[in-house]
Amino acid sequence: MATDSRLPQFRALSPAQRWDVIAKACQLSDEDRALLTEPGALPSSVADGMIENVIGTFELPLGVAGNFQVNGRDVLVPLAVEEPSIIAAASYMAKLAREDGGFQTSSTQPLMRAQVQIVGIQDPYGVRLALYQARAQILELANSRDKVLIGLGGGCKDIEVHVFPDSPRGPMVVMHLIVDVRDAMGANTVNTMAESVSPLVEQITGGSVRLRILSNLADLRLARARVRLTPQTLKTAERSGEEIIEGVLDAYTFAAIDPYRAATHNKGIMNGIDPVIVATGNDWRAVEAGAHAYASRHGRYTSLTTWEKDGTGALVGTIELPMPVGLVGGATKTHPLARLALKIMDVKSAQELGEIAAAVGLAQNLGALRALATEGIQRGHMALHARNIALVAGAVGAEVDQVAKRLAAENDVRTDRALEVLAELRQR
Ligand SMILES: CC(C)(COP(=O)([O-])OP(=O)([O-])OC[C@H]1O[C@@H](n2cnc3c(N)ncnc32)[C@H](O)[C@@H]1OP(=O)([O-])[O-])[C@@H](O)C(=O)NCCC(=O)NCCSC(=O)C[C@@](C)(O)CC(=O)[O-]
Ligand SMILES: NC(=O)C1=CN([C@@H]2O[C@H](COP(=O)(O)OP(=O)(O)OC[C@H]3O[C@@H](n4cnc5c(N)ncnc54)[C@H](OP(=O)(O)O)[C@@H]3O)[C@@H](O)[C@H]2O)C=CC1
C-alpha cells in the first residue's frame, strides 16, 4: 500500500524510473515488474480465453495519477488511457485537494437489478401483487445456486415489481431481482438468477417471460465523492481563488442547465473514471451506460457533479453515480495487469474501488472546469498533446520533447509544423 501518493517530479523520470518509484511505494515484486516491462503482459493464450476470434492483444498507455488522498488514505491510481492531460489534470487537482483534506467518499451496498419481463397478461396490477405474495419463494429459488456469493452474505435480497399497463405491446410487468453481489460486478450472477426464476414467474403470473437481464441503470449501487477547496488553495499567480471559484460555478451551472454542455462535462468526468475501470479489468461500457442513464434520472440529461460555495466561501464539489465494478469476476482476475492495478491501489472491496474511481472523476471535472473557466483548455491540453504530434511527425528519443516544447512555445501544435521543427533539429 502506498503511504505517500505525492510523486514530486515524477513526470521528469523515464517509465522505468517511474516503475521503480511505484514498485517501492507499493512493495511490488520483480514478477510484477515483468508484467509491465516485458511485452505481452496479456498472454495470447489468456486473451484467447477471454473473447472470440482472438488474433492478438491491443495495448494502451498505463499511467499513475498521484497526490490522491481518499478518506485520509494516500492512493496511487493507475489509469489506462490514450488521451493526454487527463492524468496531469487529475494529479493537479488531487494535489490541491490534499491541502484541504482530500476526497471524502461513501457508497451504497453493492446492489444490482436483474429484470424479468412478463408479457401476455391482462391484469398487470393483479400480477404485481401475486409476485409480491410469492416473494419468499422467488428469493429462495434465486439464492439456491450461488454458494460462494451467499456464503459471503450476498444474494437476492428483494424483488421490486414495475407495471407498464398500456405499453404499445399491451400490458407489461417487469419484476426486478435486487441482488447484493458483494465484490463482483455481478452481471453474470444476476442474469443467471433471473433465468433460474423465470419458470416459477410464468407459473405465478400465467404470463410469458421474455427478457431476463440485468439493468445497467444500477441506481442502487452508487459511489459518491466530495471535495472542498478554499480560495487560498485555488489561487494562482494570475487569478484569485475567489475569481476561479466564480468561474467554476458558472461553468458547472452551464452543464447543469444545458444538455449540450452536460454531455461534454460528463465526458470529461468519464475521462477520469473510465481509465480506472479499464486498468482494473472492469466493464467500462457498463459504467458508462449507468452514468449517463443516471444523469437523465430526473427527466433531463444533466451534470453528474455539483459545485457550490459553502458558508466560508470555499468551493464544494460532489459526484454520485452508479459504479458496477468488481474485484472478482469478468477480466479482473484473468488479466494480469488488472490484478497489478488493483494491487497498486490496494483496494479491499469493490465499493472502495468504485469510490476511488468516483473521486478521480470529480478531480477530473474540476481540472477541466478550472482550465475552461480561466485560461481555456488548449494551453495545458495541447502542450501535452504536442508530444503525440511530435511522435506522428517521426520524432524519436529526445527529439519528442524538443519538438513538443517548440510547438507548445509557439502555441502551434500541428503535424506540418512538427515536421518543419524536426527537419530543423536534424539539420543542426
Ligand atoms: C495540464 C495542466 C495540469 C497543466 O497545468 P500547469 O499549470 O502547466 O501544471 P504545472 O506544471 O504547474 O503542474 C501542476 C501539477 O499538475 C500535474 N502535472 C502537470 N503537468 C504534468 C505532466 N506533464 N505530467 C504529470 N503531471 C503533471 C502535477 O501534479 C503537477 O504538480 P507537480 O508534479 O509539479 O508537483 C492544466 O493545464 C490542466 O489541468 N488542464 C486541464 C486539462 C484537462 O482537463 N484535461 C482532461 C482532458 S480534456 C477533457 O477533459 C475534455 C473536456 C475539456 O472537454 C471536458 C469538459 O469540457 O469539461
Ligand atoms: N450489460 C452488462 O453490463 C453485462 C455485462 N456482462 C459481463 O459480466 C461480467 C461480470 O459478471 P460477474 O457476475 O461479476 O462475473 P463472474 O460470473 O465472473 O463472477 C461472479 C462470481 O464470482 C464468485 N465470487 C467469488 N468471490 C466473490 C466475491 N467476493 N463477491 C462476489 N462474487 C464472488 C461468485 O460465484 P458463485 O456464483 O459461485 O457464488 C459470483 O457469482 C463482466 O465481464 C461483464 O462484462 C455480461 C452480460 C451483460
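- With an unreviewed UniProt entry as reference, the chain is termed 3-hydroxy-3-methylglutaryl coenzyme A reductase, source organism Comamonas sediminis.
- Within the UniProt record for the chain, the comment given under Catalytic activity (unreviewed entry) is "(R)-mevalonate + 2 NAD(+) + CoA = (3S)-3-hydroxy-3-methylglutaryl-CoA + 2 NADH + 2 H(+)".
- Per its UniProt entry, the chain bears the Sequence similarities (unreviewed entry) comment "Belongs to the HMG-CoA reductase family."

## Considering unusual backbone geometry
- Within the chain, Ser85 stands out as a residue other than glycine whose phi angle is a positive 80°.
- Mapped onto the fold, Ser85 is located in the loop between β2 (73-80) and α4 (86-99).
- One non-glycine residue, Arg182, adopts positive backbone phi at about 50°.
- Among the residues examined, Arg182 registers a relative accessible area of 21% and is labelled partly exposed.

## As for the site of ligand 1
- Residues in close proximity to ligand 1 total 26 residues, the closest being Arg11, Ser85, Lys95, Arg261 and Arg379.
- Between an oxygen atom of ligand 1 and a side-chain N or O atom of Arg261, the distance comes to 2.6 Å.
- Here Asn271 contributes a side-chain N or O atom positioned 3.1 Å from an oxygen atom of ligand 1.
- Coverage of ligand 1 by the protein chains reaches 79% of its 1,100 Å² of free accessible surface.
- Secondary structure elements with two or more residues in the shell around ligand 1: α4, α11 (259-279), α14 (350-372) and α15 (378-392).
- Here the shell around ligand 1 takes 6 residues from α4, the largest share from any one element.

## Observations concerning the nonpolar core
- Judged by nonpolar contacts, the single largest core of 60 residues is most densely connected at Phe68, Val77, Phe103, Ile273, Trp307, Leu321 and Met323.
- Broken down by element, this core gets its largest block of residues, 11 residues, from α14.
- Grouped together as the second largest cluster of nonpolar side chains are 33 residues, Val173, Met193, Leu200 and Ala286 included.

## Some remarks on helix α16 (residues 398-410)
- Its 13 residues give α16 an end-to-end C-alpha distance of 19 Å, which sits within 8% of 18 Å, the value for a rise of 1.5 Å per residue.
- If you check which residues of α16 are buried, you get Glu399, Val400, Val403, Ala404 and Leu407. The arc that holds the buried residues of α16, viewed along the axis, is 125°, so those residues lie on one side. More than 90 degrees from the buried face of α16, the exposed residues found are Ala398, Lys405 and Ala409.
- Asn411 sits one or two positions beyond α16 and adopts a positive phi of about 55°.

## Observations concerning α4
- Taking 1.5 Å of rise per residue, the 14 residues of α4 would be expected to cover 20 Å, and the 21 Å separating its terminal C-alpha atoms lies within 8% of that figure.
- Each element contacted by the buried residues of α4 is listed here: β1 (62-70), β2, β8 (222-229), α9 (231-234), α11 and α14.
- Once α4 finishes, Gly101 follows within two positions and takes phi at roughly 100°, a positive value.

## Considering the environment of Val181
- Considering the arrangement of structural elements, one finds Val181 in the loop between β6 (170-180) and α8 (187-205).
- Among the residues examined, Val181 registers a relative accessible area of 1% and is labelled buried.
- With 86 residues separating them in the primary sequence, Val181 and Lys95 have C-alpha atoms 34 Å apart.
- Excluding anything up to four places from it in sequence, Val181 contacts Pro110, Met112, Leu149, Gly186, Val190 and Arg221.

## Structural notes on the environment of Phe58
- One can find Phe58 in the loop between α3 (44-47) and β1.
- Taking the C-alpha atoms as reference points, Phe58 and Leu42, separated by 16 residues in sequence, lie 9.4 Å from one another.

## What about the packing of helix α5 (residues 124-133) against α8?
- Remark: α5 packs on α8, axes separated minimally by 9 Å, with the N-to-C direction vectors making an angle of 125°. Comparing the axis directions of α5 and α8 gives the class oblique. In this structure, α5 meets α8 at a crossing whose hand is right-handed. Judged by residue contacts, Val127, Ala130 and Leu131 of α5 engage Val201, Ile204 and Thr205 from α8.
- Of the residues in the contact of α5 with α8, the class split is 5 nonpolar, 1 polar and no charged.

## Let's talk about the environment of Ala363
- With respect to the secondary-structure elements, Ala363 resides in helix α14.
- For Ala363, a relative accessible area of 2% translates into the label buried.
- Along the backbone, Ala363 and Tyr92 are 271 residues apart, and their C-alpha atoms lie at a distance of 8.5 Å.

## Brief notes about the site of ligand 2
- In the region of ligand 2, 21 residues are neighbours, and Asp146, Leu149, Gly186, Thr189 and Asp283 sit closest.
- Within the contact set of ligand 2, an oxygen atom lies 3.3 Å away from a backbone nitrogen or oxygen of Ala187.
- At 3.1 Å from an oxygen atom of ligand 2 is found a main-chain nitrogen or oxygen belonging to Gly330.
- Relative to its free-state accessible area of 940 Å², ligand 2 is covered by the protein chains to the extent of 69%.
- No other element matches the 4 residues that α8 contributes to the shell around ligand 2.
- Here the residues of the shell around ligand 2 are counted per class, giving 10 nonpolar, 7 polar and 4 charged.

What counts, and where the lines are drawn
- Residues numbered from 1 in each chain as written.
- Chains lettered and ligands numbered in written order.
- Predicted model: local features only at pLDDT ≥ 70, side-chain atom pairs only at ≥ 80, totals over all residues.
- Heavy atoms only, no water.
- UniProt positions renumbered as here; feature names shortened; annotations may be inferred.
- Helix = DSSP H or I, 4+ residues; strand = E, 2+ residues; numbered from the N terminus.
- Buried < 20%, exposed > 50% of the residue type's maximum accessible area, 1.4 Å probe, protein only.
- Near = heavy atom within 4 Å.
- Polar contact = N/O pair within 3.5 Å; in protein donor to acceptor, adjacent residues only side chain to side chain.
- Areas by Shrake-Rupley, 256 points an atom, 1.4 Å probe, with all protein chains shown as cover.
- Core = buried A, V, L, I, M, F, W, Y, C linked by side-chain atoms within 4.5 Å.
- Expected span 1.5 Å × (residues − 1).
- Arc of directions from axis to C-beta.
- Contact = heavy atoms within 4.5 Å.
- Axes fitted to C-alpha atoms, helices over the stretch in contact; angles between N-to-C directions.
- Parallel < 35°, antiparallel > 145°, perpendicular 65-115°, else oblique.
- Left-handed = near helix turned anticlockwise from the far one by under 90°.
- Nonpolar A, V, L, I, M, F, W, Y, C, P; charged D, E, K, R; others polar.

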